[in-house]
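Chain residues, written in single-letter form:
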Amino acid sequence: MHLKVRPDAVLVQAVIAGALSFAHLHDLAEAAGQDGWKAWAYPISVDLLLVAAWRRLRLLRDAGEPTRSAWTWFTVALAASLGANVATAGLLDLNAVPDWLRILVAGWPALAFLGGTLLVHSPADETAAASSAEQDHDQADADVDAEQIQEPAPKPGVTGLPAPEPAPALPPSPPPAPAVAVPDALLAYGRKVADEHRARTGHPIDADTLRARLGVPAPMADAIAAQLV
């Protein structure tokens, strides 16, 4: 199977434009006193800041966040690249670079480092990280609460907890006392004694007085007094 490779015109154009811009930046940096590897690092720094600012701009725009900072650094990098391209077009004598341009080229690394740091550590990332951490914390709390709700109660004797002691048995209630049969004659006599006591004292007769008057045992006196009420 043969694969046909067709060059992409856009990609070819991007490579050519990038190479020309790289060469212009290198020439300008070298003319401004940045010799050796520094002259080659200067265009790399400018292009990387341009790409980083554009990438941050797209991310912020997709997330609905403010894009002012990304636009600022994108404009700075674009001005550095475009300025170098224009300056090397014959408008500037590269053999006699002005001092202000030398100062700009020498101060570019610090400016590019600041821009790259601000683009990487943006407030949007910190806000998203804080929001994600807060959501994770809330989810962890919800999971703990769910586990506490669903956790079954420990069974006595299984998890090491002492089994509850059985309640002490109550003593059996005494059997009811057998009813005392009161003869009718004794009941009639007891009623007569009770009436006389009430007429004399104005109060009903109690069981002890009734027992003393009748000369009967206490159970019998209680039974008679209960029927006199």
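Residues numbered from 1 in each chain as written. Predicted model: local features only at pLDDT ≥ 70, side-chain atom pairs only at ≥ 80, totals over all residues. Heavy atoms only, no water.

Visitor: Before we go on, may I ask you to explain the overall build of the protein chain in this structure?
Guide: Per the secondary structure count, the protein chain includes 8 helices and 0 strands. Starting at the N terminus, the α and β elements of the protein chain follow one another as α-α-α-α-α-α-α-α. When burial is assessed residue by residue, the protein chain has 22% of its 229 residues classed as buried. Sequence separation of at least 24 residues holds for 60% of the intrachain contacts in the protein chain that already meet a minimum separation of 6. With an accessible surface of roughly 16800 Å², the protein chain has 63% of that area assigned to carbon and sulfur atoms. (Helix = DSSP H or I, 4+ residues; strand = E, 2+ residues; numbered from the N terminus. Buried < 20%, exposed > 50% of the residue type's maximum accessible area, 1.4 Å probe, protein only. Contact = heavy atoms within 4.5 Å. Areas by Shrake-Rupley, 256 points an atom, 1.4 Å probe, with all protein chains shown as cover.)

Visitor: It is not clear to me how helix H6 (residues 184–201) should be interpreted in this structure. Could you clarify?
Guide: What sets the pattern is the α-helix's 3.6 residues per turn: residues three or four places apart point alike. Its 18 residues give H6 an end-to-end C-alpha distance of 25 Å, which sits within 8% of 26 Å, the value for a rise of 1.5 Å per residue. By the burial criterion, the buried members of H6 are Leu187, Gly190, Val193, Ala194 and His197. Across the axial projection of H6, the buried residues extend over an arc of 125°, all falling on one side. Residues of H6 that are exposed and angled more than 90 degrees away from the buried face: Asp184, Ala185, Ala199 and Arg200. On its buried face, H6 sits against helix H7 (207–214) and helix H8 (218–228). One or two steps after H6, the chain reaches Gly202, where phi turns positive at roughly 85°. (Expected span 1.5 Å × (residues − 1). Arc of directions from axis to C-beta.)

Visitor: How do you make sense of the layout of surface pockets when you look at a structure like this?
Guide: The method is simple in principle: a probe with the dimensions of a water molecule rolls over the atoms, and the space it marks as empty is what remains. Taken as a whole, the largest pocket spans an internal volume of roughly 300 Å³. Lining the largest pocket are 17 residues; nearest its centre among them are Tyr42, Ala79, Ala80, Leu101 and Leu104. Mapped onto the lining of the largest pocket, the elements with two or more residues apiece are helix H3 (68–91) and helix H4 (99–120). With 8 residues, H4 is the largest single contributor of residues to the lining of the largest pocket. (1 Å grid on protein atoms, 1.4 Å probe; cavity = no way out; pocket = protein on both sides within 12 Å on 5 of 7 lines; lining within 4 Å. Points joined across faces, edges and corners; volume = space filled by probe spheres on them.)

Visitor: What's the story with the packing of aromatic side chains in this structure? I'm lost.
Guide: Between two aromatic rings, the relevant description is the distance of the centres plus the angle of the planes. Summed over the entire model, instances satisfying the criterion amount to 4 aromatic pairs. Look at Trp71 and Phe74: their rings are 5.9 Å apart centre to centre, the planes differ by 85°, and that puts the pair in the edge-to-face class. Pair noted here: Trp71 and Phe74 are both in helix H3, with a separation of 3 residues, about one helical turn. The buried category is assigned to Phe74, whose relative accessible area is 16%. (Phe/Tyr/Trp six-rings, centres within 6.5 Å; stacked < 30°, edge-to-face > 60°.)

Visitor: How should I be thinking about the confidence of the model for the protein chain in this particular structure?
Guide: If pLDDT is low for a region, its predicted coordinates should not be looked at in detail. This prediction gives the protein chain a mean pLDDT of 76; 71% of its residues lie at or above 70. Taken element by element, the predicted model of the protein chain shows its lowest mean pLDDT in helix H5 (residues 123–150) (58) and its highest in helix H2 (residues 37–63) (88). (pLDDT = per-residue confidence, 0-100.)

Visitor: Looking at this structure, how should I read the packing of H3 against H4?
Guide: Describing two packed helices takes the angle between their axes plus the distance from one axis to the other. At their nearest, the axes of H3 and H4 sit 10 Å apart, and the two run at 150° to each other. By the angle between their axes, H3 is roughly antiparallel relative to H4. In this structure, H3 crosses over H4, and the sense of that crossing is left-handed. Of H4, the residues touching H3 (which contributes Ala70, Trp73, Val76, Ala77 and Ala80) are Trp108, Leu111, Leu114, Gly115, Leu118 and Leu119. (Axes fitted to C-alpha atoms, helices over the stretch in contact; angles between N-to-C directions. Parallel < 35°, antiparallel > 145°, perpendicular 65-115°, else oblique. Left-handed = near helix turned anticlockwise from the far one by under 90°.)

Visitor: How should the nonpolar core be read in this particular structure?
Guide: One finds Tyr42, Val46, Leu49, Val105 and Trp108 to be the most contacted residues of the largest nonpolar core, which totals 22 residues. Those elements that place two or more of their residues in this core are helix H1 (9–31), H2, H3 and H4. Here this core takes 6 residues from H3, the largest share from any one element. Setting aside residues up to four positions removed in sequence, Leu49 forms contacts with Trp73, Ala77, Trp108, Ala112, Gly115, Gly116 and Leu119. If you look at the next biggest cluster of nonpolar residues, it comprises 13 residues, including Val182, Ile205, Val216 and Ala225. (Core = buried A, V, L, I, M, F, W, Y, C linked by side-chain atoms within 4.5 Å.)

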